[in-house]
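Here are the chains, one letter per residue:
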Amino acid sequence: QTGEKLFELHGHTHKITAITPFSSSDASEEKKHLILTASADRTVIVWDCTSGRQVQKVSCFHSTVKCLTVLRRLDVWLSGGSDLCVWNRKLDLLCKTSHLTDAGISALVELPKNCVAAAVGKELIIFRLIASNDESEGWNILEVKRLVDHQDNILSLVSVNDLTFVTGSHVGELIVWDALDWTKQASECNFWDSSVHPDVQSEIKLSQSPNETSVQHLTSDEECVFAAVGKGIYVYNLQMKRVIASQRTAHDSSVLHIEKLPNRQLISCSEDGSVRIWELREKQQLPAEPVPTGFFNMWGFGRANKQANQAAKKMQENIPMYFLELVGDLIGHSSAVQMFLYFGELGLATCSADHLIILWKDGERESRL
């Protein structure tokens, strides 16, 4: 509400690489709000949010822990680095995988049936946890499947619901997966192809540099996946299995983080220091033009294609078209805005490489209060 600093948590000697909330739900004691932080100093620390004190520290890692995930159902947490480790609430190591790669696990997502998907370079590895009734004995973690459909490193991984999860790679591939049998349901690789988005002015480019096409961040609601690809934002509809709206140059530099707001709005932040709010709107349909049938049409050979024309026309009329409209620009940062957190009616907190954290409020709402 005020932006006043409550605690500063000192304990790591190198940069912090992952952070996750980890609330205890013991019936005996009142609910404790804990957070886990991992660092390049090869330690994980558990902190108590109410006192700001360090509760416990684990320092038996052989490499940097890049991601942390809490599995609420099993009441354990996972750390991903050069191997995948499973820990209980008392910070006992329950089990771990053998050394995977030096690059290590860059992202983890929880799947149904006690499984997790781990991004290791360009591979996606599915692990299953075998839980035990005993507190610390008899746990096991099994590698079930390796999915090698990506051509390049997986940068983002997001769960849509219990049936679906989505991955995005450095060369702009987005793959939709079935979360139960881990098969590929759909994929999209043509984000920068202007023929897919005919309303966009085509640019002549001899080669795409990877950072223009890399999927930096994904977020999702039940019906769409929102992808930050290079400098642009794309809305991919899971039902239609296609991109329904895009803003190819949403920012002047790479989009680093996006989030869906409840009212068909999106927020994005970028390396260029800007934070923008977008609204997904439906286009007013223009009467569909007949589709030209290419070379033969010029010479009057195109009569046979009349039915094809009608079919294409029908198809065009039935598909609603959307576009992303810029509805707000939050100007305040002078360097890359790495991330933000949206707190609904309380507003927005952005953090940037300019050493500032800024709290933003909804102006219309504040002036009514």
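Residues numbered from 1 in each chain as written. Predicted model: local features only at pLDDT ≥ 70, side-chain atom pairs only at ≥ 80, totals over all residues. Heavy atoms only, no water.

**Observations regarding the sheet that holds strand β14 (residues 164–169)**
Spelled out, the test is: A strand pair is defined by DSSP finding two or more bridges across the two strands. Starting at the N terminus, helices and strands are each numbered in turn, a helix being any DSSP run of H or I of at least four residues and a strand any DSSP run of E of at least two. With axes taken as lines fitted to C-alpha atoms, and helix axes fitted only over the stretch in contact, angles between N-to-C directions fall between 0 and 180 degrees.
Ordered in space as β13-β14-β15-β16, the four strands form an open sheet in which the pairing is antiparallel. The sheet terminates laterally at β13 (154–159) and β16 (184–188), the two strands that pair on one side only. For this sheet the average axis-to-axis angle between neighbouring strands, irrespective of direction, equals 15°. Here β14 pairs with strand β15 (residues 174–178) via five bridges, running antiparallel.

**Comments concerning the packing of aromatic side chains**
As a reminder, the rule being used: Paired rings are identified among Phe, Tyr and Trp, the last through its six-membered ring, by centres lying within 6.5 Å, and are further divided according to the angle between planes into stacked (under 30 degrees), edge-to-face (over 60) and tilted (the rest). Burial classification: accessible surface area is computed with a 1.4 Å probe over protein chains only, and a residue below 20% of its type maximum counts as buried, one above 50% as exposed, and the rest as partly exposed. Throughout this description, the term charge over a ring refers to an Arg CZ or Lys NZ atom that lies within 6 Å of the ring centre and within 35 degrees of the ring normal.
Tallied over the full model, the rule gives three aromatic pairs. Ring centres of tryptophan 77 and tryptophan 87 lie 5.3 Å apart, and the angle between their planes is 10°; this geometry places the pair in the stacked category. Residue tryptophan 77 is found in strand β6 (residues 76–80), and its partner tryptophan 87 is found in strand β7 (residues 84–87); the two are separated by 10 residues along the sequence. Take tryptophan 77: its relative accessible area is 0%, and that puts it in the buried class. With a relative accessible area of 2%, tryptophan 87 lands in the buried category. For the ring pair phenylalanine 165 and tryptophan 177, a centre distance of 6.3 Å and an interplane angle of 15° mean the geometry is stacked. Taken together, the residues phenylalanine 165 in strand β14 and tryptophan 177 in strand β15 connect sequence positions 12 residues apart. Residues phenylalanine 165 and tryptophan 177 agree in their burial class; the two are buried. Joined through ring pairs, the aromatic side chains of Phe61, Trp77 and Trp87 make up one cluster. Residue placement shows arginine 89 over the ring face of phenylalanine 22; its charged tip is 4.5 Å from the ring centre.

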